[in-house]
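# Survey of secondary and tertiary structure
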Amino acid sequence: MSCILCIDTSTHACSVALSQDGAVIFELAQKERAQHTILLGGYVDQALSFAENHAIPIDAVAVTSGPGSYTGLRIGVSMAKGICYALHVPLISIPTLQLLCVPLLLQVDNADQARFIPMLDARRMEVYTTTMDFSLNELAPTRALVIEEDAPNPFEKDLEAGPVYFVGDGVQKCMNRLSHPNAFFMADAVPLAKWMFPLAEKKLACGDTENVAYFEPFYLKEFVATVSKKKLL
């Protein structure tokens, strides 16, 4: 099984992990505040030193692709691309919203009957979100959504169909608005590199890698511009 260096800087958290044989063998994470420029280089150095000291070759680098913080994504992707060039290994991109849902698959009872709705805070009452099934296939496109107090619940159909898990830092401001017997909230969850390995290993096995020279992450500001343009058309 391949060894993958995983990097996440898409939100305020900064984390790095190494995975091998379907398990995490090294991890460093700081979840309190954004310190990517200070922490990421040291975290990566320690991960690479761990791999070298244990004679484990790095086979690929995985990085979160957004949506997320412009600065955070830029720092993480730049680091990942630099390592790929230096080690001559492929680059794998992992969507932030998909990553948020990974730990739920291991923690939730009857997860195969549930739907997962990750949410990233986009200020005011707006969130960036999608809806996923147990296999993390998108049931709705990634979109910017305003949770309005007087508007109908946008997830009513999902909630009527069965349990729905809302996860991520965008959930806190929506919890009262989304109240329902089938609604479960995990507002303190953040995307972390240690949860990237099942997605990254699957992509690497399928040869689903990025062009290192041309890859760019999915910045929130670009997402807003895309959505605004569609509204004008």
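Look above for the structure.
Not measured: the values here are computed from a predicted model.

### Topic: unusual backbone geometry
Here the residue pair Gly 66 and Pro 67 is connected by a cis peptide bond, since its omega of 5 degrees sits within 30 degrees of zero. The phi angle at Asp 21 is positive, at roughly 55 degrees, despite the residue not being glycine. When you line up the elements, Asp 21 lands in the loop between β2 (14-20) and β3 (23-30). Exposure remark for Asp 21: the relative accessible area of 52% places this residue in the exposed category.

### A few points about the sheet that holds strand β7 (residues 126-132)
Strand order across the open sheet formed by five strands is β8-β7-β6-β9-β10, with mixed pairing between neighbours. Unpaired on one side and paired on the other, β8 (138-146) and β10 (183-186) mark the two borders of the sheet. In this sheet, neighbouring strand axes are inclined to one another by 20 degrees on average, regardless of whether the strands run parallel or antiparallel. Examined bridge by bridge, strand β6 (residues 115-121) and β7 share four bridges and lie antiparallel to one another. Within β7, the residue paired with Asp 121 across the bridge is Val 127. Packing of helix α3 (residues 96-107) onto the sheet brings it into contact with β6, β7, β8, β9 (164-167) and β10, and relative to β6 it is tilted by some 130 degrees.

### Some points on the nonpolar core
By size, the foremost hydrophobic cluster in this structure holds 32 residues, and its most contacted members are Ile 4, Ala 62, Ile 92, Ile 94, Phe 116 and Met 196. The set of elements that each furnish at least two residues to this core consists of β1 (3-8), β4 (60-66), β5 (91-95), α3, β6, β7, β9 and α5 (197-206). Broken down by element, this core gets its largest block of residues, six residues, from α3. In contact with Ile 4, other than residues within four places in its own chain, are Ala 17, Leu 18, Ser 19, Ala 60, Val 61, Ala 62, Ile 92, Ala 200, Glu 201 and Leu 204. Listed in part, the 26 residues of the second largest apolar core include Leu 40, Ile 56, Val 89 and Val 212.

### A closer look at the sheet that holds β1
An order of β3-β2-β1-β4-β5 is seen for the five strands of this open sheet, with the pairing classed as mixed. Looking at which strands have only one partner, the edges of the open sheet turn out to be β3 and β5. Each strand of the sheet is rotated relative to its neighbour by a mean of 20 degrees, with strand direction disregarded. Pairing analysis gives six bridges linking β1 to β2, with the strands arranged antiparallel.

### Regarding the side chain of Thr 129
By secondary structure assignment, the location of Thr 129 is in strand β7. By relative accessible area, Thr 129 is classed as buried at 0%. A polar atom in the side chain of Thr 129 sits 2.7 Å from the backbone oxygen of Pro 118. In this structure Thr 129 touches Leu 97, Ile 117, Pro 118, Met 119, Pro 141, Thr 142, Arg 143, Leu 145 and Phe 155, once residues within four positions along its chain are discounted.

### Structural notes on helix α2 (residues 70-87)
Across its 18 residues, α2 extends 26 Å between first and last C-alpha, which sits within 8% of the 26 Å expected from 1.5 Å per residue. Those residues of α2 that sit buried are Gly 72, Leu 73, Ile 75, Gly 76, Val 77, Ala 80, Lys 81, Ile 83 and Cys 84. On the buried face of α2, the contacting elements are β1, α1 (36-53), β4 and β5. Positive backbone phi, at 60 degrees, marks His 88, one or two positions downstream of α2.

Scoring rules and cut-offs
Residues numbered from 1 in each chain as written. Predicted model: local features only at pLDDT ≥ 70, side-chain atom pairs only at ≥ 80, totals over all residues. Heavy atoms only, no water. Helix = DSSP H or I, 4+ residues; strand = E, 2+ residues; numbered from the N terminus. Buried < 20%, exposed > 50% of the residue type's maximum accessible area, 1.4 Å probe, protein only. Pairing = 2+ DSSP bridges. Axes fitted to C-alpha atoms, helices over the stretch in contact; angles between N-to-C directions. Contact = heavy atoms within 4.5 Å. Core = buried A, V, L, I, M, F, W, Y, C linked by side-chain atoms within 4.5 Å. Polar contact = N/O pair within 3.5 Å; in protein donor to acceptor, adjacent residues only side chain to side chain. Expected span 1.5 Å × (residues − 1).

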